[in-house]
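Architecture at a glance
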Amino acid sequence: MVRNRRNVALLFAVYFLQGLCFYSPVATLYRLEAGLTLFQTGLLESISLAAMLLLEIPWGRAADRIGHRRTLVICSALFALSKVVFWKARAFPDFLAERLILAVALAGLSGCDSAYLFACVGEKESQRIFGLWNAVQTAGLLVAGMSASLFLSEHYRRGALWTVLSYSAAALLTLLLTDPEEDGEKPAATAPRPGMGGLLRRSLSMTPFLAGSALLAETAQFITVFLSQLLYQRAGLPVRAFGWLSMLATLCALAGARSHRLTRRLGRRRGGALLFLCAGAACLTALCPAPLPAVAGVLGLRAAAALFSPLALSLQNAAAEPGARAAQLSCNAMVMDLVSLVLNPAFGRMADAGCGQALLLGAIACGGGLLLFLAGSKPAASPA
């Protein structure tokens, strides 16, 4: 369908522009320069996460009621507004306002964006499109990271201004989106909507799959983002190489665009199981305090998580009813967030005791995730 192809291209452009967060490499320095402490920065993150959890399900219900396109337009505008507030922020109350606006925007986009894409392309093409979608967002982050040198020293706020411009352009592009032409199902705005109890029960029935997915995602997030620099330092790599290694890790995330090829060859169940095994092996590889194993472990883990993400999104969207897809995905996100809330402090505690213990926990989490994934995915549903 021509209209749907146009919608997909527009949404890809929107997310590429939203990936251009030019101040991201100096975000902590930006806040410190404005007078915030690290404690206040962490407090803001906790408040933002709590607000997102509270808004997740209400926004999902609202998105199914008013339509996914309208929700995307509203939340993209709020996303851009949060960047304007961040650009002008000078004190803690300003940054608090930015995080609260951002929480509202992200809670609304969560589930709604993938539900909109799924309606545009259908189940058969969804995994391939989700993989390309993740790659487009990664490309935006990569471009922004490569541009970081433009915003060093006294130019932190210039990076924030450029981010305002890119996010504003993204918000304007959402105005060109149209309601998708859905083949074989009623449009989300008119399809019957099951009650909240039914949605929660369905998410609970998917707990093994959702928990397994969360274990893999959070392991990759903690090790590749927070622990990687300590691993490189332990391996004796010079600090000047960290930027290039971060760029390589971002490039590995582009592997998600090939997720559908893996499951087409092996099937969804076997392909997903292989990715859990590869992630666990990557954690064990990084245990060796030498440069090559440390880098290979981080990059391998990043690639495995990137390949699994489109598969997880496709399976979740396919299992949801058209009239409550965004709300169902929001309920699913709540289950996964609960796993994350337990796992993140555990990773922090293990990392305080040493990189090796955190890596062992990551390998155990990937092994547990594999068992949960196999328990939660039916063999009959394995063909891609």
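Refer to the structure presented above.
My aim in this report is to walk through the structure given alongside it, one point at a time. Just so it is clear, the structure is predicted and the values come from calculations on it, not from any experiment.

A tally of helices and strands in the chain yields 15 helices and zero strands. Counting over 384 residues, the chain shows a buried share of 50%. For the chain, contacts bridging at least 24 residues in sequence account for 86% of all contacts bridging at least 6. Of the accessible surface of the chain, which amounts to about 16800 Å², a share of 67% is contributed by carbon and sulfur atoms.

Moving on to the packing of aromatic side chains. Within the structure shown, the criterion is met by 13 aromatic pairs. Ring centres 5.4 Å apart and planes at 80° place the aromatic pair Tyr15 and Trp133 in the edge-to-face group. Taken together, the positions of Tyr15 in helix H1 (residues 2-19) and Trp133 in helix H6 (residues 112-146) put the pair 118 residues apart, joining distant regions of the chain. An angle of 75° between the planes, with centres 5.7 Å apart, marks the rings of Phe308 and Phe373 as edge-to-face. Of the two residues, Phe308 sits in helix H13 (residues 291-319) while Phe373 sits in helix H15 (residues 355-376), which places them 65 residues apart along the sequence. Of the two residues, Phe308 and Phe373, both sit in the buried class. Taken together, Tyr23, Tyr30, Phe86 and Phe95 form an aromatic cluster joined through their ring pairs. Over the ring of Tyr167 we find Lys83, and its NZ or CZ is 5.1 Å from the ring centre.

Cut-offs used in this document
Residues numbered from 1 in each chain as written. Predicted model: local features only at pLDDT ≥ 70, side-chain atom pairs only at ≥ 80, totals over all residues. Heavy atoms only, no water. Helix = DSSP H or I, 4+ residues; strand = E, 2+ residues; numbered from the N terminus. Buried < 20%, exposed > 50% of the residue type's maximum accessible area, 1.4 Å probe, protein only. Contact = heavy atoms within 4.5 Å. Areas by Shrake-Rupley, 256 points an atom, 1.4 Å probe, with all protein chains shown as cover. Phe/Tyr/Trp six-rings, centres within 6.5 Å; stacked < 30°, edge-to-face > 60°. Lys NZ or Arg CZ within 6 Å of the ring centre and 35° of its normal.

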